[in-house]
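Breakdown of the fold
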Amino acid sequence: SKGLGVDAEAGTEIGYDENGFRGLYAMKAFKKGDIICKIPSDCALALADPSVAATEEVSEVDGAVNYLQWYAMNPQARQMWSPYIDTLPTREANFDPTPDFYSDEEIAQLEFPMIVKKALERKEQIAELAQKTNLPFDEVQFATWLVSSRSFSIKITIDDGDLVRETSEADADGLKGNSETYKMREQGLRVLLPYLDMINHESDNYNSELHLIDPEKDDAWFAIRAARPIKKNKEITISYGAAGVETSVGLLMNYGFIQDENKFDALLLKKGGDDCIDSVEGWSTTLEDDEQQLAAGVSGNMANVLRFRTKMKRSYPPTE
């Protein structure tokens with residue numbers, strides 16, 4: 001970890017839980033607000049060019065193509081970043097398939113319109129960009145998984161270098177003043193953060209958060225800060241997604257797993273809309289049907305399809 005710029009005194013290390021999943025663990029106790037670990041911004045792998053104005057954040061698939069072209073398939077960059085790239089998951093290890101790897105029939109079995117639409121659109125985008133860039137489909141598909149499951153989305157402020165003349169409101173004497181400032185814009189940016197991307201997710205019981213320290217300076221830091229007291233030997237967890245909010249739709253779509261507890265699902269269903277199923281009666285199967293199939297030992301992608309369906313069905317408010 002020292003080679004990745006992690007503070008040696010931070011008191012964290014990579015470990016494994018009883019199921020063999022790796023994560024980041026506290027080697028000493030932390031108080032709420034303590035910085036647990038941090039890396040300099042120079043250690044981040046940007047997945048888009050921040051100097052290029054963009055009307056919207058670069059998609060996971062665009063980021064995947066940039067990752068392949070800028071880092072993984074660029075011999076010089078690949079050699080420079082190999083201490084990090086070589087630690088990333090492979091198809092053979094630490095890989096939880098997202099719907100990008102499902103058949104269209106398996107995607108249809110998810111039923112929930114929001115995730116079905118997202119999954120089909122992203123599979124189509126992967127195929128289109130692979131063809132457009134002459135990159136192998138399998139490489140773009142897996143790189144999309146890496147980007148969606150490992151990257152962090154941050155907001156940065158860009159100085160465009162253009163002077164803007166601003167006229168102030170009239171004062172009490174009716175005079176107006178002029179001033180010149182540089183035009184600034186805020187832009188979303190996806191980044192891969194070595195070491196910090198080892199941190200696992202908790203929807204309801206996460207104990208830490210990602211912060212950007214001194215973002216306006218050249219020596220900015222990405223830091224993990226304790227959101228509540230953390231005991232020694234406890235796993236460090238954060239809540240994935242934008243602003244730490246991720247429903248089961250987002251968790252399966254971007255990370256390939258479902259958590260048993262997720263308070264955001266109930267909020268999503270309460271909000272409703274065309275992309276939701278209004279009630280548990282709107283599904284083609286009952287909760288009991290899906291639970292019985294899971295208990296029968298369904299495996300592969302269909303197991304996660306059933307976990308998703310049971311999780312969403314349990315999130316509806318109880319009927320009177």
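In short, a report on the structure. (Residues numbered from 1 in each chain as written. Predicted model: local features only at pLDDT ≥ 70, side-chain atom pairs only at ≥ 80, totals over all residues. Heavy atoms only, no water.)

**Quick look at the overall build of the protein**
Tallying secondary structure elements over the protein gives nine helices and 10 strands in all. In the protein, which comprises 320 residues, the share counted as buried stands at 43%. Relative to all contacts within the protein whose residues are 6 or more apart in sequence, the contacts with residues 24 or more apart total 70%. Counting every atom, the protein has about 17700 Å² of accessible surface; 48% of that belongs to carbon and sulfur. (Helix = DSSP H or I, 4+ residues; strand = E, 2+ residues; numbered from the N terminus. Buried < 20%, exposed > 50% of the residue type's maximum accessible area, 1.4 Å probe, protein only. Contact = heavy atoms within 4.5 Å. Areas by Shrake-Rupley, 256 points an atom, 1.4 Å probe, with all protein chains shown as cover.)

**Comments concerning the packing of aromatic side chains**
Enumeration according to the criterion identifies 11 aromatic pairs in this entry. Taking the centre distance of 6.3 Å and the plane angle of 35° together, the rings of Y67 and Y71 count as tilted. Within this pair, Y67 and its partner Y71 are both found in helix α1 (residues 60–72), separated by four residues, close to a single helical turn. Judged by its relative accessible area of 11%, Y71 falls in the buried class. Ring centres 4.9 Å apart and planes at 80° place the aromatic pair F95 and W145 in the edge-to-face group. Residue F95 is located in the loop between α2 (75–85) and α3 (104–110), and its partner W145 is located in helix α5 (residues 137–150); the two are separated by 50 residues in the primary sequence. No difference in accessibility class separates F95 from W145, as the two residues are buried. Members of the aromatic cluster, joined through ring pairs, are Y67, W70, Y71 and W81. A cation over a ring is seen here: K38 above W221, with NZ or CZ 4.6 Å from the ring centre. (Phe/Tyr/Trp six-rings, centres within 6.5 Å; stacked < 30°, edge-to-face > 60°. Lys NZ or Arg CZ within 6 Å of the ring centre and 35° of its normal.)

**Looking at the sheet that holds strand β10 (residues 235–238)**
In space, the four strands of this open sheet follow the order β1-β2-β10-β7, with mixed pairing throughout. The open sheet has two edge strands with one neighbour each: β1 (12–16) and β7 (200–201). Pairing geometry for β1 and strand β2 (residues 22–26), over five bridges, is antiparallel. Residue Y16 lies in a different strand from β2, and its bridge partner there is R22. (Pairing = 2+ DSSP bridges.)

**Details of the packing of helix α4 (residues 113–133) against helix α6 (residues 248–255)**
Between α4 and α6, the least distance of the axes is 10 Å, while the angle of their chain directions is 20°. Viewed along their axes, α4 and α6 adopt a mutual orientation that is roughly parallel. For the element pair α4 and α6, the recorded crossing hand is right-handed. Here M114, I115, K118, A119 and R122 of α4 lie close against α6, whose contacting residues are V249, L252, M253 and N254. By residue class, the composition of the contact of α4 with α6 is six nonpolar, one polar and two charged. (Axes fitted to C-alpha atoms, helices over the stretch in contact; angles between N-to-C directions. Parallel < 35°, antiparallel > 145°, perpendicular 65-115°, else oblique. Left-handed = near helix turned anticlockwise from the far one by under 90°. Nonpolar A, V, L, I, M, F, W, Y, C, P; charged D, E, K, R; others polar.)

**A word on α4**
Here α4 spans 30 Å end to end across 21 residues, near enough to the 30 Å set by a 1.5 Å rise per residue. M114, I115, V116, A119, R122, I126, L129 and A130 are the residues of α4 that are buried. N134 sits one or two residues past α4 and shows a positive phi near 60°. (Expected span 1.5 Å × (residues − 1).)

**Let's talk about the side chain of T144**
Inspection of the secondary structure puts T144 in helix α5. Looking at T144, its side chain comes within polar contact range of the main-chain oxygen of V140, at 2.7 Å. Discounting chain neighbours no more than four positions away, the residues touching T144 are E60, V61, A64, D100, R122 and I126. (Polar contact = N/O pair within 3.5 Å; in protein donor to acceptor, adjacent residues only side chain to side chain.)

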